Amino acid sequence: MLLETLQGILSESGFANLQWQNCVMFIISFILIYLAIKKEYEPLLLLPIAFGMLLRNLPMTGLMDVADPWQSSGVLAIMYNGVKSNLFPCLIFLGVGTMTDFGPLIANPISLVLGSAAQIGIYFAFVTAIALGFTGPQAASIGIIGGADGPTAIFTTSQLAPELLAPIAVAAYSYMALIPMIQPPIMKALTTEKERTTVMTSLRKVSKLEKIVFPIVVVLFTALLLPDVAPLLGMLMLGNLFKESGVVNRLSDTAQNALMNIVTIMLGVTVGATADGQTFLALSTIKIIVLGLMAFIFATAAGVIFGKILYAATGGKINPLIGSAGVSAVPMAARVAQVEGRKYNPTNFLLMHAMGPNVAGVIGSAVAAGVFLILFG
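Summary of the structure given here. Every value quoted in this text rests on a predicted model; they were computed, and no experiment measured them.

This part is about the pattern of salt bridges. Applying the stated rule across the entire model yields six salt bridges. Measuring nitrogen to oxygen at the nearest pair gives 3.9 Å for the salt bridge that ties R56 to D276. Here R56 is found in helix α3 (residues 43–56), whereas its partner D276 is found in the loop between α16 (249–273) and α17 (277–280), with 220 residues between them in sequence. The exposure class assigned to D276 is buried, which follows from its relative accessible area of 13%. With a closest N to O distance of 2.9 Å, K343 and E340 form a salt bridge. With K343 and E340 both in helix α19 (residues 332–344) and three residues apart, the pair spans about one turn of that helix.

Turning to the packing of helix α11 (residues 165–177) against helix α18 (residues 283–313), a few remarks are in order. Across the interface, α11 lies against α18 with an axial gap of 10 Å and an inter-helix angle of 35°. Where α11 crosses over α18, the handedness of that crossing is right-handed. When α11 is examined against α18, the residues P167, I168, A171 and Y175 are found in contact with a partner set consisting of T285, I288, I289, G292, L293 and F296. Within the contact of α11 with α18, the residues separate by chemical class into eight nonpolar, two polar and no charged.

What follows concerns the environment of I309. As for its position among the elements, I309 is in helix α18. When the C-alpha atoms of I309 and P320 are compared, they prove to be 8.2 Å apart, with 11 residues separating the residues in sequence.

With that out of the way, let us pick up the layout of surface pockets. Reported here for the largest pocket is a volume of approximately 660 Å³. For the largest pocket, the lining is made up of 29 residues, of which V96, M99, M260, V330 and M332 are closest to its centre. Taken together, the elements giving at least two residues each to the lining of the largest pocket come down to α3, α5 (87–99), α10 (150–160), α11, α16, α19 and α20 (351–376). Broken down by element, the lining of the largest pocket gets its largest block of residues, seven residues, from α16. Its residues placed into classes, the lining of the largest pocket shows 19 nonpolar, seven polar and three charged.

Rules used in this analysis
Residues numbered from 1 in each chain as written. Predicted model: local features only at pLDDT ≥ 70, side-chain atom pairs only at ≥ 80, totals over all residues. Heavy atoms only, no water. Salt bridge = Lys/Arg side-chain N within 4 Å of Asp/Glu carboxyl O. Helix = DSSP H or I, 4+ residues; strand = E, 2+ residues; numbered from the N terminus. Buried < 20%, exposed > 50% of the residue type's maximum accessible area, 1.4 Å probe, protein only. Axes fitted to C-alpha atoms, helices over the stretch in contact; angles between N-to-C directions. Left-handed = near helix turned anticlockwise from the far one by under 90°. Contact = heavy atoms within 4.5 Å. Nonpolar A, V, L, I, M, F, W, Y, C, P; charged D, E, K, R; others polar. 1 Å grid on protein atoms, 1.4 Å probe; cavity = no way out; pocket = protein on both sides within 12 Å on 5 of 7 lines; lining within 4 Å. Points joined across faces, edges and corners; volume = space filled by probe spheres on them.

Here you go:
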């Protein structure tokens, strides 16, 4: 009797329903957890994504099951509505805005060139995806991965190619987290030692009035030009206005700390939970992962190459390394430029200079998303 009971329990357990795809996804999640904890590759992003991936591939749990009525759905499926509705990406942008200083961009407008150059990776991936047989909306969603901007990738994909949301979201956030691993070899390969040791002069002091006017002007211009991008850039600039106005410190503190942390947990776990082994390990997903990596490489390379052009044009006043920060992973990409610069010149301080292209990249990737939404939405 006891043996039969144990056999019955085992036959209904996850062990009896375990597929090879689940095991592969477990291994992938373990690798990502290792990178997050041991290597500290953006653990705030990578750890919840990796654990969400682990949870999603546990058989028989029903965590991502969608049922009727809505309240009886799996807990992760309920949380995932914040991704599908674009609520989480917009709230993330609100928090990012409160932590972003547009001062370096205002003080050095040439940063816009580097931020725009890095968006070349988006259009490269778009064209390549078309050539590989993806539809226009799918290719546009894949291309946004090259901007290294997870919220924008989710925002665009949920409207243009929701069937690809899982692999695109995982790819976008994974590459954002792996910036310290991916970018340095590209930066070193495309620059000379003399260029990497270039010391940049201090930026001018930006007035409070300039910092208050900037987010208002940007959202007015971009939202009127590309209405579809208003939710993302509107939240980004609102958060920045909270910060720069100096009169709503409680709102600014909540947005950049409590709210940002809560949304990051829910977004990270549910993004990871979209990686179901049964569908994730398909040929189309592998193509998307590879295309995303290529887009990211080309974006980094384009930023560095344009940095070299500005280095030559200004007589050696621009360190090309800051061009790599043109991808819109704020402030991760700027920190990588700082770390790499100090490797070759310990007295160098590139962080604030790199923040200019970095925040320009945020605006640039959002504009690219707006263009795609107008073309294919």
